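# Coordinate inspection notes
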Amino acid sequence: MAGNKGDQIYDQLRSDILKGVLAPGSSLSALGVAERFSASRTPVRQAFLRLEADGLVSLIDRQGARVAPISLQGVRDLFELRILLEAHAARVVAESAAADPGVRERFVELLAGFDAVADDKDAADRRDRFYELAEAFDQAVIATTRNRHLARSIAELRPHSARLRMIAHSPVSRLDSSLVEHRAMCRAIIDGQGDAAAAAVTEHLVATERTILEAVMSPGASAVAVDLVGR
């Protein structure tokens, strides 16, 4: 039972952190969390340990935790590593698509989805649909990458990237640009063009990083409160 409660606490706190409900740098009292979920200290501690392993919180003297801050250097470091890993992964996936019709078809379907969202500019759920497709694209790349260590490394960075999503797409114009970039990545993979796929991923990540850095340097401009640690 404690395990189930621990999972529940972990899932909810993780969601709150990734969505910005729990702001970077905010404190989490073990007692307060226990009261919120009507739980004992044990499942709360289990949840905190899992969040710490994800790099989303740091533990504080066994009494609680603090949500990991978002820093300028942290953003730069994250995207430097993402570009190295994901550009290479896209190249590998494009090579797989050239040899495997099943892989190619997966990205054909994703491209059709991105095209539909791009064409339906007035849809109320447009942003949510884009996020679902972007998630499906990332998961397809991870699943198709032949190197399991590369796939795992990319997957492990996802929680840190997810925390920045609201910042990255706060401007509507950036959402439209990201749609263009995702369509370009899909086309390169579908065409089996490894170099073009790697270049498209690099262009997308560089643009996303630039948007995030501009947002965190402009107080009140981002959708998520940011603690500029390490500026």
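Cut-offs used in this document
Residues numbered from 1 in each chain as written. Predicted model: local features only at pLDDT ≥ 70, side-chain atom pairs only at ≥ 80, totals over all residues. Heavy atoms only, no water. Helix = DSSP H or I, 4+ residues; strand = E, 2+ residues; numbered from the N terminus. Polar contact = N/O pair within 3.5 Å; in protein donor to acceptor, adjacent residues only side chain to side chain. Pairing = 2+ DSSP bridges. Axes fitted to C-alpha atoms, helices over the stretch in contact; angles between N-to-C directions. Contact = heavy atoms within 4.5 Å. Core = buried A, V, L, I, M, F, W, Y, C linked by side-chain atoms within 4.5 Å. Buried < 20%, exposed > 50% of the residue type's maximum accessible area, 1.4 Å probe, protein only. Left-handed = near helix turned anticlockwise from the far one by under 90°. Nonpolar A, V, L, I, M, F, W, Y, C, P; charged D, E, K, R; others polar. Domains from an automatic or database assignment. Buried area = accessible area lost by both parts, 1.4 Å probe. Salt bridge = Lys/Arg side-chain N within 4 Å of Asp/Glu carboxyl O.

## Some details on the side chain of Asp-16
- Along the chain, Asp-16 falls in helix H1 (residues 2-18).
- Reaching out from Asp-16, the side chain makes a polar contact with the side chain of Arg-36 at a distance of 3.0 Å.

## What about the sheet that holds strand E3 (residues 64-67)?
- The strand order across the open sheet formed by three strands is E1-E3-E2, and the pairing between neighbours is antiparallel. Each edge of the open sheet is held by one strand with a lone partner, namely strand E1 (27-29) and strand E2 (57-60). Within this sheet the neighbouring strands show an average axis-to-axis angle of 25°, counted without direction.
- Pairing of E2 with E3 involves four bridges; the strand directions are antiparallel. Paired with Ile-60 across the two strands is Gly-64, which belongs to E3.
- Most of the contacts of helix H3 (residues 41-53) go to E2, to which it runs at about 130°, and overall it touches E1, E2 and E3.

## Quick word on the nonpolar core
- If you look at the biggest cluster of nonpolar residues, it comprises 45 residues, and the most contacted ones within it are Phe-107, Leu-110, Phe-114, Phe-130, Phe-137 and Ile-189.
- Counting residues per element, the ones that place at least two in this core are helix H4 (72-99), helix H5 (101-119), helix H6 (126-144), helix H7 (148-163), helix H9 (172-190) and helix H10 (194-216).
- Not counting residues up to four positions away in its chain, the partners in contact with Phe-107 are Val-93, Phe-137, Ala-140, Val-141, Thr-144, Cys-186, Ile-189 and Ile-190.
- Counting 20 residues, the second-largest nonpolar core is a separate cluster that includes Ile-17, Leu-22, Phe-37 and Val-57.

## Let's talk about the packing of H4 against H5
- In contact at an axis separation of 5 Å, H4 and H5 are set at 115° when each is read in the N-to-C sense. H5 is crossed by H4, and the crossing has left-handed handedness. Here H4 contributes Val-93, Ser-96, Ala-97 and Ala-99 to the contact with H5, which in turn contributes Pro-101, Val-103, Arg-104 and Phe-107.
- Grouping the amino acids of the contact of H4 with H5 by side-chain chemistry returns six nonpolar, one polar and one charged.

## As for the domain arrangement of the protein
- As assigned here, the protein comprises domain 1 (5-68) and domain 2 (71-217).
- For domain 1 and domain 2, the distance between their C-alpha centroids amounts to 29 Å.
- Contacts between the two partners involve 10 residues from domain 1, matched on the other side by five residues from domain 2.
- Summed over both sides, the interface of domain 1 with domain 2 buries roughly 570 Å², with 56% coming from carbon and sulfur.
- The largest per-residue losses of area from domain 1 upon contact with domain 2 belong to Leu-18, Asp-54 and Leu-56, which jointly make up 56% of the total buried on that side.
- Across the contact surface, domain 1 and domain 2 share zero salt bridges.
- At the boundary of domain 1 with domain 2, the tally comes to two residue pairs in polar contact (both at pLDDT 80 or more).
- Split into classes, the residues belonging to the side of domain 1 that touches domain 2 amount to six nonpolar, one polar and three charged.

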